[in-house]
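The chain contents come next:
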Amino acid sequence: MRLVNTLPLLLSLAAAIGSPATWALPTDREQPIRVQADSAELDDKQGVAVYRGDVVVTQGSMKLTGNTVTLKQNKNGDIEVVTSVGKPAYFEQKPAPEKEITKAYGLTIQYFVTQNRVVLIDQAKVIQEGNTFEGEKIVYDTQRQIVNAGRATGTQVTTPRPRIDMVIQPKKKQDQAQ
């Protein structure tokens, strides 16, 4: 496969990861995207790129890791789904300059670009500013900033968790004064 043929797929990756403003620092989308992996398989005809072997995708403050990361494009060449599979897969990003890095884990992490939705499946966990949220499946709508969590119905999970588990830290006295 020639690099010239894979250029549209790589450009789509850049647009997909960098586009949602709610994901990250405003400067993240202006940063170059770096993909590191042991191997890559790029299929322009099918619109699929598969990276294998300790995959690390970074752009600005965003970092996505997994054993395998798959990118799927639609017929227009826009990336529709980014899927990371690992033991666990990992995602982190700094949502704002004054905020701590948000960390997310799951055996599978899917980002549905057009729907602005991140799905963590199996051993799902999100850590944000000391607060934790755990369950079989966590779905986060990045645009509306809505989280849904619960059972991963229709999906086999390695560690069944019939209930979600949240830990919310008390507000600091400075925050309460404001």
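Data block above holds the structure.
Residue indices begin from 1 for each chain and proceed along its sequence in written order. The predicted nature of this model means local features are confined to residues of pLDDT at least 70 and side-chain atom pairs, given and counted, to a pLDDT of 80 or more, with totals for whole chains, interfaces and linings taken over all residues. Each side-chain value is derived from all of the structure's non-hydrogen atoms; neither hydrogens nor water enter the calculation.

Considerations on the overall build of the chain
Here is step 1 of the chain: When you go through the chain residue by residue, the secondary structure sums to 2 helices and 10 strands.
Here is step 2 of the chain: When the helices and strands of the chain are listed from N to C terminus, the series reads α-β-β-β-β-β-β-β-β-β-β-α.
Here is step 3 of the chain: Working rule for contacts: check all heavy atoms of both residues, and any pair within 4.5 Å makes them a contact. Within the chain, residue pairs in contact and separated by at least 24 positions form 40% of the contacts whose partners lie at least 6 positions apart.
Here is step 4 of the chain: Carbon and sulfur atoms make up 49% of the accessible area of the chain, which totals about 10,800 Å². In this text, helices come from DSSP runs of H or I with a minimum length of four residues, and strands from runs of E with a minimum of two, each type numbered from the N-terminal end. Here the open area of atoms and residues is found with the Shrake-Rupley method and a 1.4 Å probe, where only the protein chains shown may cover a residue.

Things to note about the pairing of strand β8 (residues 131–141)
Here is step 1 of the chain: Each residue is assigned to one of three classes by its accessible area relative to the maximum for its type, calculated with a 1.4 Å probe on protein chains only: buried under 20%, partly exposed between the two thresholds, exposed over 50%. Taken across its 11 residues, β8 has 8 buried, putting it largely inside the fold.
Here is step 2 of the chain: Pairing of strand β7 (residues 117–128) with β8 involves 10 bridges; the strand directions are antiparallel. Within the sheet, the bridge partner assigned to Arg-117 lies in β8 and is Asp-141.
Here is step 3 of the chain: Any two strands with at least two DSSP-identified bridges between them are counted as paired. Connecting the antiparallel pair β7 and β8 is a turn made up of 2 residues, with Glu-129 showing a positive phi of about 50°.
Here is step 4 of the chain: Inspection of the sheet shows β8 paired to strand β10 (residues 165–167) by 3 bridges, in the antiparallel sense. Note that in β10 the partner of Glu-134 across the bridge is Asp-165.
Here is step 5 of the chain: Note: β8 against strand β9 (residues 146–150), 5 bridges, orientation antiparallel. Bridging across to β9, Tyr-140 finds its partner in Val-147.

With respect to the side chain of Glu-136
Here is step 1 of the chain: Here Glu-136 is to be found in strand β8.
Here is step 2 of the chain: Under the rule applied, a polar contact is a pair of N or O atoms within 3.5 Å (in protein, one hydrogen donor and one hydrogen acceptor; residues adjacent in sequence only if both atoms are side-chain atoms). Here Arg-161 takes part through its backbone nitrogen, which lies 2.7 Å from a polar atom of the side chain of Glu-136.

A short note on the pattern of salt bridges
Here is step 1 of the chain: A pairing counts as a salt bridge when a side-chain nitrogen of Lys or Arg comes within 4 Å of a carboxyl oxygen of Asp or Glu. Using the criterion set out here, one finds 4 salt bridges in the structure.
Here is step 2 of the chain: Glu-41 is the salt-bridge partner of Arg-52, the closest N and O atoms lying 3.7 Å from each other. Of this pair, Arg-52 sits in strand β3 (residues 48–59) while Glu-41 sits in strand β2 (residues 39–43); the two residues are 11 residues apart in sequence, bridging distant segments of the chain.
Here is step 3 of the chain: Note on Arg-52: relative accessible area 39%, which makes it partly exposed.
Here is step 4 of the chain: Across the pair Lys-99 and Glu-129 runs a salt bridge, and its minimum N-O distance is 4.0 Å. Highlighted residues: Lys-99 in the loop between β5 (79–93) and β6 (102–112) and Glu-129 in the loop between β7 and β8, separated in sequence by 30 residues.
Here is step 5 of the chain: By relative accessible area, Glu-129 is classed as partly exposed at 34%.

Concerning the nonpolar core
Here is step 1 of the chain: Note on terminology: a nonpolar core comprises buried Ala, Val, Leu, Ile, Met, Phe, Trp, Tyr and Cys residues joined through side-chain atoms within 4.5 Å. Judged by nonpolar contacts, the single largest core of 22 residues is most densely connected at Leu-64, Leu-71, Val-82 and Leu-120.
Here is step 2 of the chain: Listed by contribution, the elements that provide at least two residues to this core are β3, β4 (62–73), β5, β6, β7 and β8.
Here is step 3 of the chain: What Val-82 contacts, discounting residues up to four positions off in sequence, is Leu-64, Val-69, Thr-70, Leu-71, Ile-109, Gln-110 and Tyr-111.
Here is step 4 of the chain: Counting residues in hydrophobic clusters, the runner-up holds 6 residues, among them Val-81, Phe-112, Val-139 and Ala-152.

Here we look at unusual backbone geometry
Here is step 1 of the chain: In this structure, the amide linkage connecting Lys-87 to the following residue, Pro-88, adopts the cis form with an omega of 0°.
Here is step 2 of the chain: Examined against the element boundaries, Pro-88 turns out to sit in strand β5.
Here is step 3 of the chain: Even without being glycine, Asp-122 reaches a positive phi, approximately 70°.
Here is step 4 of the chain: Asp-122 gets classed as buried once you look at its relative accessible area, which sits at 5%.
Here is step 5 of the chain: Of note, the phi angle at Glu-129 is positive, near 50°, even though the residue is not glycine.

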